[in-house]
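Commentary on secondary and tertiary structure
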Amino acid sequence: MVAVPPVGIRRRAAMAPAAGSPHRDEILLGDAAATLAILPAASVHLAMTSPPYNVGIPYRGYADDLHPDAYLEWLARVWKALYRVLVPGGRFALNVAPTSIKEFHPIHHDLARGLRKMGYIMRTEIIWYKQTMGRRTAWGSWRSPSNPHIIPSWEYVLVFSKGQWNLPGPKEAIDITSEEFQRFSDGFWELKPERKRRGHPAPFPEQLVERIVKYYSYRGNVVLDMFGGSGTVAAVARATGRHYLYIDRSPEYCEAALSRVAAAEPPPGWEVPPPRAVVPGAGAPAPRPERTAAAAGPGPLPW
Ligand SMILES: C[S@@+](CC[C@H](N)C(=O)[O-])C[C@H]1O[C@@H](n2cnc3c(N)ncnc32)[C@H](O)[C@@H]1O
């Protein structure tokens, strides 16, 4: 998956920009917004995440079916907390799926608009084409214009930057090949969904994460996922020579991620320690709107 770095790079990786931060290479059990609040400002170069999609997935510990406005309001608090911890030029890659056909809601538009209003620069929108058409039959009215449906066989990766487009870094810490750079720069990515569930209902494929990590960060950078799930981002980050931070509120998912990331060996010459499990002492998780309260609809949106 990765090339051996030139001699002399090891020290640079160990000194990567978040040096001094007490938090890196950790699996943090906790609420996303509350845990982000304890991380040092400007300590993360790339965040990649896939939040709960709010489509009724049976996660451990909460209902994945909030009112759309309450859902956006909740996520907005997380994005605000993330902004503080990103370095200038730090990237945020947000994976979201189209909502269900019946209750279609253009949530990716709402998220993009909200993030831009918050001050994020929107860089692009990648289409992850999942090639799942063969398995779907929800066509609405068959062979008739009366009520045909489009099947969402894709997801989005919306990519943002904090404050500036450029993220400086040492040339020796670039690990993307010319061929990969050319291929990934075409924003239509055909990748099959993850087959290995690893005890999680919605993991994303390692290939998707590896593309984002190599395209948008340097070796030695700090890569974060605040809805870490099965630990895909942290595992790929470590396997490609990046430091990582993982947050999830489920002890079961944290535990599974811990062993997965520990098994993801960094490339030779790059020191990225195995994960430490941390339960931040920062107290109770930030409140997430309850399903019943949300059903009535929240007050005005924060943007
Ligand atoms: C879509 S899944 C992420 C899957 C992940 N991308 C992977 O590859 O496994 C969303 C995750 O968010 C976690 N989660 C839900 N609410 C949370 C919160 N308030 N704070 C932190 N994590 C939360 C869930 O436990 C779930 O594992």
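Residue numbers restart at each chain and count upward from 1, following the sequence in its written direction. Selection of residues for local features in this predicted model requires a pLDDT of at least 70, selection of side-chain atom pairs for listing and counting requires 80 or more, and totals for whole chains, interfaces and linings are taken over all residues.

1. Remarks on the overall build of the protein chain
Our working rule: Going along the chain from the N terminus, every DSSP run of H or I of four or more residues is numbered as a helix, and every run of E of two or more is numbered as a strand. Once C-beta atoms are placed from the backbone, each residue is buried if 20 or more other C-beta atoms lie within 10 Å of its own, exposed if 12 or fewer, and partly exposed for counts between those two. By definition, residues are in contact whenever their C-beta atoms, placed on the basis of the backbone, come within 7 Å of each other.
Across its full length, the protein chain holds nine helices and nine strands. Per-residue burial over the protein chain gives 41% buried out of 303 residues. Considering only residue pairs separated by 6 or more positions, the protein chain has 78% of its internal contacts joining residues 24 or more positions apart.

2. Some thoughts on the nonpolar core
Threshold: The term nonpolar core refers to a set of buried Ala, Val, Leu, Ile, Met, Phe, Trp, Tyr and Cys residues connected through C-beta atoms within 7 Å.
L36, A47, V78, L82, V223 and M226 are the most contacted members of the largest nonpolar core, which totals 68 residues. Residue contributions to this core peak at twelve residues, all from helix α3 (residues 68-85). Residue contacts for L82: discarding those within four places in its chain leaves L36, A47, F92 and M226.

3. Some words on the site of the ligand
Here is the rule: For each residue, a C-beta atom is positioned from the backbone; the residue is called near a molecule or strand if that atom sits within 6 Å of it. Three classes are used: nonpolar for Ala, Val, Leu, Ile, Met, Phe, Trp, Tyr, Cys and Pro, charged for Asp, Glu, Lys and Arg, and polar for all others, with Gly counted as polar.
Close to the ligand lie 21 residues; P203, F227, G229, S230 and T232 are nearest. Within the shell around the ligand, the residues separate by chemical class into eleven nonpolar, six polar and four charged.

4. Considerations on the pairing of strand β3 (residues 86-96)
Regular strands place side chains that alternate from one sheet face to the opposite one. Keep this limit in mind: Should DSSP find at least two bridges between two strands, the strands are taken to pair.
Among the eleven residues in β3, nine count as buried, and that is most of the element. The pairing of strand β2 (residues 44-49) with β3 spans five bridges and is classified as parallel. Counted as the bridge partner of L46 is R91 from β3. Direction of pairing for β3 relative to strand β5 (residues 154-162): antiparallel, over a ladder of six bridges. Paired with A93 across the strands is V159, a residue of β5.

5. Some remarks on the packing of helix α6 (residues 206-216) against helix α7 (residues 232-239)
Counted only if it meets this: Inter-axis angles, ranging from 0 to 180 degrees, are taken between N-to-C directions of lines fitted to C-alpha atoms, where helices are fitted over the stretch in contact. With respect to orientation, any angle under 35 degrees is reported as roughly parallel, any angle over 145 as roughly antiparallel, any angle of 65 to 115 as roughly perpendicular, and every other angle as oblique. Whether a crossing is left-handed or right-handed is set by the direction in which the near helix is turned from the far one by less than a right angle, anticlockwise for left-handed and clockwise for right-handed.
The contact between α6 and α7 brings their axes to 9 Å, and the two run at 55°. The pairing of α6 with α7 is recorded here as oblique in orientation. Note that α6 runs across α7; the crossing there is right-handed. Counting all contacts with α6, which are made through E206, V209, E210 and V213, the residues of α7 involved are T232, V233, V236 and A237. When the residues that make up the contact of α6 with α7 are grouped by side-chain class, the tally is five nonpolar, one polar and two charged.

6. Regarding the confidence of the model for the protein chain
Applied cut-off: As a per-residue measure, pLDDT tells how confident the predictor is, with possible values from 0 to 100.
Confidence along the protein chain averages 83 in pLDDT terms, with 80% of residues attaining 70 or more. Counting interchain partners and residues more than four positions distant, the pLDDT-below-50 stretch residues 1-17 has 40 contacts.

7. A word on the pairing of β2
Taken across its six residues, β2 has six buried, putting it largely inside the fold. As defined by bridge partners, β2 adjoins strand β7 (residues 222-225) across two bridges and the pair is classed as parallel. What sits directly across from A47, in β7, is L224.

8. Examining α6
Along α6, eight of the eleven residues are buried, which leaves the element largely enclosed by surrounding structure. Turning to α6, its buried residues are L208, V209, E210, R211, I212, V213, K214 and Y216.

9. Quick notes on α3
For an α-helix, 3.6 residues make a turn, and residues three or four places apart therefore share a direction. What counts here: What a helix is expected to span follows from its residue count: subtract one and scale by 1.5 Å.
Taking 1.5 Å of rise per residue, the 18 residues of α3 would be expected to cover 26 Å, and the 26 Å separating its terminal C-alpha atoms lies within 8% of that figure. With 13 of 18 residues buried, α3 is to be regarded as a mostly interior element.

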